[in-house]
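Read off the chains here:
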Amino acid sequence: MPLMAGAATLRVEGERAWLTADGTSLSKVLRLFEQRGVKVLIDPSLEMGRVTGDWENTKVERLVAQLASPNSYLLEWNRIDSPLGTFDQLSSIRIFSDGNAAATRPLSSKGKVLDVVTGTNGVQYIRGEIMVGFDEGSTIKDLNALLKKLNGTVVEVIDPPGIYRIRLNEGMNVEDAMTIAATHDGVKAAEPNLAFPVNRSESIPITGSGAGMNLNLLPGETAVAIFDSGLDSKYSDLNIIRGTYNAIDPSAEMSDPSGHGTLVALIASGAITPIGEDASEIGVPVLAVRVFDENGMTSSDTIMRAIEYAVNSGIDIINISFGTYEDIGFLESAINYAADQGIKIFVASGNDGLAISANPAASPATISVGANNPDGSVAVYSNTGSTVDSYEKGTVEYDGKQHRGTSFASPYAARKAALGL
């Protein structure tokens, strides 16, 4: 079918590209590259014209040269070692007037927000993306044949567990792509890039400014990675903060739009103690990892990227505060991998008062943590049941409010484990 005026489709496969555009603005074409994991930087003083034409199996460099003309450009590549073999992946495009490369700025400066949609079965996932795992013995040829069928582009390879994240072109929906992938030779499993919400906690205004924080802690030795909404920059220089990583957008600075991750990190470190527990003088170093966007959503690839980063950082303990009652698919494989490396993974059981843990807390590879009240009784909001492994107090005071939830019990359990308690 002919494209609507202004529309465009793009596929990138290694050093080759396929582009069809019909009066499409150059900025929109370049954003198609961004959607495929390419960082695009451009001199803001340049005039952005429109693109019309068909490029079939064209070298990426030739395509970008024509798009950038009469201006200059630079390309950067990454060599990806994947389970199916090694291939080159375009990592960045820079377009600028002659001699003015330093003037380039990111094409899209706004913070990344996940494009979450709800399928016909009620499952949430990232629009236009699927995750594919291949059988042992499969090759790059099997991957390229699938990409041709899907008219798709490999955006990322997460290894382990050896999952290929594929971006689909407009016109190919996730459900159809799943059907094609499931019957393709060499494919072991395929699923949407699932989306998950942060566990919602309760905040109640109280009189006064809260119990305050203990910021004079002596750091211990075992670090805890906090997978959450990020960290307020005003705490980044504390000696109990080992480092930060933005898994939502690794090129962006760390931030915390909701404050939830900051509170969880401060609990794990010991700077804030749940009501009913004694404050400690020993701090636990924290690696703050942002996995939620501004809308409180995360995805399979984001959590997998965070796990990979934590494993490579020598982390022994991870704390996670999200839950779903849907199957988590490939994400469970990544969690199992981390557990096999000896990492203890503490997960909030959920705040729905059910007799079962949400996923991934329900996984045997994780430690599901429910919440107690300050007096030690089980909180009415806490998920319970045989899949809950432990309970910790889940009420804290911070910034003039009282906060309650398994999201705050879980980092306290992770903290105790780091201290050997």
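This text goes with the structure placed above it.
Okay, so let's go over this structure.

Conventions adopted
- Residues numbered from 1 in each chain as written.
- Predicted model: local features only at pLDDT ≥ 70, side-chain atom pairs only at ≥ 80, totals over all residues.
- Heavy atoms only, no water.
- Helix = DSSP H or I, 4+ residues; strand = E, 2+ residues; numbered from the N terminus.
- Rg over C-alpha atoms; globule rule 2.2 N^0.38 Å.
- Buried < 20%, exposed > 50% of the residue type's maximum accessible area, 1.4 Å probe, protein only.
- Areas by Shrake-Rupley, 256 points an atom, 1.4 Å probe, with all protein chains shown as cover.
- Lys, Arg positive; Asp, Glu negative; His and termini not counted.
- Charge placed at Lys NZ, Arg CZ, Asp CG, Glu CD.
- Salt bridge = Lys/Arg side-chain N within 4 Å of Asp/Glu carboxyl O.
- Pairing = 2+ DSSP bridges.
- Axes fitted to C-alpha atoms, helices over the stretch in contact; angles between N-to-C directions.
- Core = buried A, V, L, I, M, F, W, Y, C linked by side-chain atoms within 4.5 Å.
- Contact = heavy atoms within 4.5 Å.
- Polar contact = N/O pair within 3.5 Å; in protein donor to acceptor, adjacent residues only side chain to side chain.
- Arc of directions from axis to C-beta.
- Left-handed = near helix turned anticlockwise from the far one by under 90°.
- Nonpolar A, V, L, I, M, F, W, Y, C, P; charged D, E, K, R; others polar.

Attention now goes to the overall build of the protein chain. If you tally the helices and strands in the protein chain, you get 8 helices and 25 strands. Taking 421 residues into account, the globule formula puts the C-alpha radius of gyration at 22 Å, and the protein chain, at 23 Å, falls close to it. A principal-axis box enclosing the C-alpha atoms of the protein chain has dimensions of 70 × 50 × 35 Å. The 421 residues of the protein chain split such that 53% are buried. Accessible surface, the protein chain as shown: approximately 18500 Å² in total, 46% of it carbon and sulfur. Across the protein chain, 32 positive and 51 negative side-chain charges occur, with their mean positions spaced 5 Å apart.

What follows concerns the pattern of salt bridges. In this structure the tally under the stated criterion is 11 salt bridges. The partner of D115 in a salt bridge is R127, with the nearest N and O atoms 2.8 Å apart. In this pair, D115 sits in the loop between β7 (105–106) and β8 (116–118) while R127 sits in strand β9 (residues 124–134), placing the two residues 12 residues apart along the sequence. The class for D115 is partly exposed, based on a relative accessible area of 35%. Given a relative accessible area of 44%, R127 falls into the partly exposed group. With a shortest N-O distance of 3.3 Å, K393 and E277 are connected by a salt bridge. In this pair, K393 is assigned in strand β23 (residues 390–393) and E277 in the loop between α5 (260–269) and β17 (282–283), connecting sequence segments 116 residues apart. Classification of K393 as buried rests on a relative accessible area of 15%. Linked through salt bridges whose partners overlap, the residues forming this network are E129, E156, R165, R167, D301 and R305.

The sheet built from 7 strands is open, its strands ordered β16-β18-β15-β20-β21-β22-β23 with parallel pairing. The open sheet has two edge strands, β16 (241–246) and β23, and neither has a second partner. Sheet twist, expressed as the mean angle between neighbouring strand axes with direction ignored, is 25 degrees. Where strand β20 (residues 317–320) meets strand β21 (residues 344–348), 4 bridges bridge the pair, whose relative direction is parallel. In the sheet register, N319 faces β21, and the bridge partner there is F346.

On to α5. Within α5, 10 of the 10 residues are buried, leaving the element largely enclosed by the surrounding structure. By the burial criterion, the buried members of α5 are H260, G261, T262, L263, V264, A265, L266, I267, A268 and S269. Downstream of α5 by a residue or two, G270 has a phi angle that is positive, lying close to 100 degrees.

Let us look at the pairing of strand β22 (residues 367–372). The element β22 is largely enclosed, with a buried count of 5 among its 6 residues. Sheet analysis places β21 next to β22, joined by 3 bridges and oriented parallel. Paired with A348 across the two strands is V369, which belongs to β22. Across 4 bridges, β22 lies against β23 in parallel orientation. Bridging across to β23, V369 finds its partner in S390.

With that settled, consider the nonpolar core. Burial of nonpolar side chains together is a common tendency in soluble globular proteins. Of all hydrophobic cores here, the largest spans 36 residues; its most connected members are F227 and I318. Contributing elements (two or more residues each) for this core: β12 (187–197), β15 (224–228), β18 (286–290), α6 (300–312), β20, α7 (330–340) and β21. Tallying contributions element by element places α6 first for this core, with 6 residues. With residues near it in sequence (within four places) discarded, F227 still touches V289, V291, F292, I303, A306, I307, A310, I318, N319, I320 and S321. Listed in part, the 32 residues of the second largest apolar core include M254, A268, A271 and V369.

When the C-alpha atoms of K393 and N246 are compared, they prove to be 28 Å apart, with 147 residues separating the residues in sequence. Apart from residues no more than four positions distant in its own chain, K393 is found in contact with P274, I275, G276, E277, N372, N373, P374, G376, F408 and A409. Polar side-chain contacts of K393 include one of 3.3 Å to the side chain of E277.

The set of residues buried in helix α2 (residues 60–68) consists of V60, L63, V64, L67 and A68. Viewed along the axis of α2, the buried residues span an arc of 125 degrees, placing them on a single side of the element. Here the buried face of α2 lies against β1 (8–13), β2 (16–25), α1 (26–35), β4 (50–59), β5 (72–82) and β6 (85–96).

Where helix α3 (residues 140–150) meets helix α4 (residues 174–182), the closest approach of the two axes is 10 Å, and the angle between their N-to-C directions is 145 degrees. Of the two elements, α3 crosses α4, and the hand of that crossing is right-handed. Contacts between α3 and α4 involve L146, K149 and L150 from the former and A177, I180 and A181 from the latter. Its residues assigned to classes, the contact of α3 with α4 comprises 5 nonpolar, no polar and 1 charged.

Turning next to unusual backbone geometry. Going from S69 to P70, the amide bond is cis rather than trans, its omega being 10 degrees. Note on placement: P70 falls in the loop between α2 and β5. Of the consecutive residues N359 and P360, the connecting peptide bond is found in the cis state with omega at 5 degrees. Tracing the backbone through its elements, the reader meets P360 in the loop between β21 and β22.

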